[in-house]
Amino acid sequence: MIGFKGKNPHIRQFMPNKRHARCGIKMWCLSDSANGYLCQFEIYEGSQGRRIGNGRSYTHELIIRLMTASATGTVRSNRKGLPDVCVKTKLKNKELIETRKGNLLCLAYQDNSRKPILLSTASIAGLIDTVNSRKQPVTRPAVIHAFNQAMGVIDLGDEKLYMYMAERQSLKWTNKVFFSLFGRAILNSYIIYHSNTSDRPKLSRYNFIVSALESMTSNFVPQKVIRQKRTRTEMEAARMGPTPLTQTVAGHPLDGHDLSKLPVGKKQQCVAGHPTHVRTGRECTGCKVGLCPECFAKYHRQL
């Protein structure tokens, strides 16, 4: 489940049993139960929407895989095509019914108040002696025993993914799906690295993620511009306002005409007759016009 609370009623699902996100986008995942590697995914877009993937019905694809591969899983009792003997027969506690069609085994087992129905092509029929979680000897169907052994690693991929989530707050469901798939792609890369690398010691997952992101963004990160800090004298002069800069022009009285520095951020256009528009941060205190330091003497000679 990808957490999402945006305004997309056709794609948003509500599943109260989910702890990570009760409201969001539902995604079917086919993962390796040994290490959590994501092999295939399919995003559910509602009963009136389309499916992102190969376009085939999920139920049809599940049945095809179940008939051609070794698999075990539970099924709802209202699913079409199940044998009536497993669905409608009332069983006593710890009683089971098994029926087979080809290599597909269907089992119904009464466990106190629950009556799970399982389909399997990987287990044998009958009961076996085993121990429960409290190390007490119990007798269970072979199908349920095999299912319980593999059930603990079904959510291994999500468990690893939630350790370093890549989700971000967004009102667009496409962004939420992108960040979720990006995190799963990084996880797949780490699983391949951890299984095939010869590095000793191996990188931790955190260090692997950091190195992968740095290698992907090294060509896109702008160079940091280091600006030289102004001295205290320059900062105080900027706060005090215009700073007079005495200029002398031979043969011309400059009483009341000084070139002063404008406050920081203020500029005027130089009036000395440049071929292009030139803005300067200084002005003549007597003429009240903008002048460059190079144009100060030239401008006053022409007066």
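Before any of the text, the structure's been laid out above.
Report on the accompanying structure. These numbers come from a predicted model, not from an experiment.

**Brief notes about the overall build of the protein**
- Helices and strands together make up the secondary structure of the protein, namely eight helices and 16 strands.
- Put simply, the protein has 303 residues, and 30% of those count as buried.
- In the protein, once contacts between residues fewer than 6 apart in sequence are set aside, the share between residues at least 24 apart is 36%.
- Accessible surface computed for the protein: about 21500 Å², of which carbon and sulfur atoms make up 53%.

**Some details on helix 3 (residues 142–151)**
- For helix 3, the complete set of buried residues consists of A142, V143, I144, H145 and F147.
- On its buried face, helix 3 sits against strand 6 (72–75), strand 8 (104–109), strand 9 (117–120), strand 10 (127–131) and strand 11 (137–141).

**A look at the sheet that holds strand 3 (residues 23–25)**
- One open sheet holds the three strands; their spatial order is 1-3-2, and the pairing between them is antiparallel. Every other strand in the sheet has two partners, leaving strand 1 (2–3) and strand 2 (13–14) as the edge strands with one partner each.

**Details of the packing of aromatic side chains**
- Taken as a whole and assessed by the stated rule, the structure comprises six aromatic pairs.
- Considering the side-chain rings of Y193 and F208, the 5.2 Å spacing of their centres and the 25° angle between planes classify their relative orientation as stacked. With Y193 in helix 5 (residues 173–196) and F208 in helix 6 (residues 205–217), this residue pair connects regions lying 15 residues apart in the sequence.
- Linked through ring pairs, F178, F179 and F182 together constitute an aromatic cluster.
- Directly above the aromatic system of Y44 lies the positively charged group of K26, at a separation of 4.7 Å from the ring centroid.

**Considerations on a nonpolar patch on the surface**
- A cluster of nonpolar residues, M163, Y164 and Y206, forms a patch on the protein surface that exposes about 340 Å² of accessible area.
- With respect to the secondary-structure elements, Y206 resides in helix 6.

**Concerning unusual backbone geometry**
- The residue after R200, namely P201, is reached through a cis peptide bond having omega -5°.
- As for its placement among the helices and strands, P201 is situated in the loop between helix 5 and helix 6.
- Its identity as a non-glycine residue notwithstanding, K94 has a phi of 65°, on the positive side.
- Along the polypeptide, K94 turns up in the loop between helix 2 (84–87) and strand 7 (96–101).
- We classify K94 as partly exposed; its relative accessible area is 47%.
- Phi is positive for K135, close to 65°, though the residue is something other than glycine.
- Mapping K135 onto the fold places it in the loop between strand 10 and strand 11.
- Under the relative-accessibility criterion, K135 is labelled exposed at 68%.

**A look at the pairing of strand 11**
- Direction of pairing for strand 10 relative to strand 11: antiparallel, over a ladder of five bridges. Note that in strand 11 the partner of T130 across the bridge is V138.
- From the end of strand 10 to the start of strand 11, which pair antiparallel, there are five residues, and K135 there has a positive phi angle of about 65°.

**Observations concerning the side chain of S180**
- Locating S180 in the fold gives a position in helix 5.
- Here S180 falls in the buried class, since its relative accessible area comes to 6%.
- Setting aside anything within four residues of it in sequence, one finds S180 in contact with I2 and M27.

**Observations concerning the state of the cysteines**
- One pass over the structure, following the stated rule, counts zero disulfides.
- Note on C270: no disulfide assigned, nearest cysteine sulfur contributed by C292 at a separation of 3.6 Å.
- A residue is classified by how much of its surface remains accessible, and C270, at 7% relative accessible area, is buried.
- With no disulfide of its own, C287 lies 3.8 Å from the sulfur of C284, the closest cysteine sulfur.

**Quick notes on the sheet that holds strand 8**
- Strands sit in the order 6-9-8-7 across an open sheet of four strands; the sheet is antiparallel. The open sheet has two edge strands with one neighbour each: strand 6 and strand 7. Within the sheet, the average angular offset between the axes of one strand and its neighbour, ignoring direction, is 20°.
- As defined by bridge partners, strand 8 adjoins strand 9 across four bridges and the pair is classed as antiparallel. Bridge pairing in strand 9 places L107 opposite L118.

What counts as what
- Residues numbered from 1 in each chain as written.
- Predicted model: local features only at pLDDT ≥ 70, side-chain atom pairs only at ≥ 80, totals over all residues.
- Heavy atoms only, no water.
- Helix = DSSP H or I, 4+ residues; strand = E, 2+ residues; numbered from the N terminus.
- Buried < 20%, exposed > 50% of the residue type's maximum accessible area, 1.4 Å probe, protein only.
- Contact = heavy atoms within 4.5 Å.
- Areas by Shrake-Rupley, 256 points an atom, 1.4 Å probe, with all protein chains shown as cover.
- Pairing = 2+ DSSP bridges.
- Phe/Tyr/Trp six-rings, centres within 6.5 Å; stacked < 30°, edge-to-face > 60°.
- Lys NZ or Arg CZ within 6 Å of the ring centre and 35° of its normal.
- Patch = residues over 30% accessible without salt bridge, like charges linked within 9 Å, V, L, I, M, F, W, Y side chains within 5 Å.
- Salt bridge = Lys/Arg side-chain N within 4 Å of Asp/Glu carboxyl O.
- Disulfide = S-S within 2.5 Å.
- Axes fitted to C-alpha atoms, helices over the stretch in contact; angles between N-to-C directions.

The values reported here are purely geometric and, on their own, carry no functional implication.
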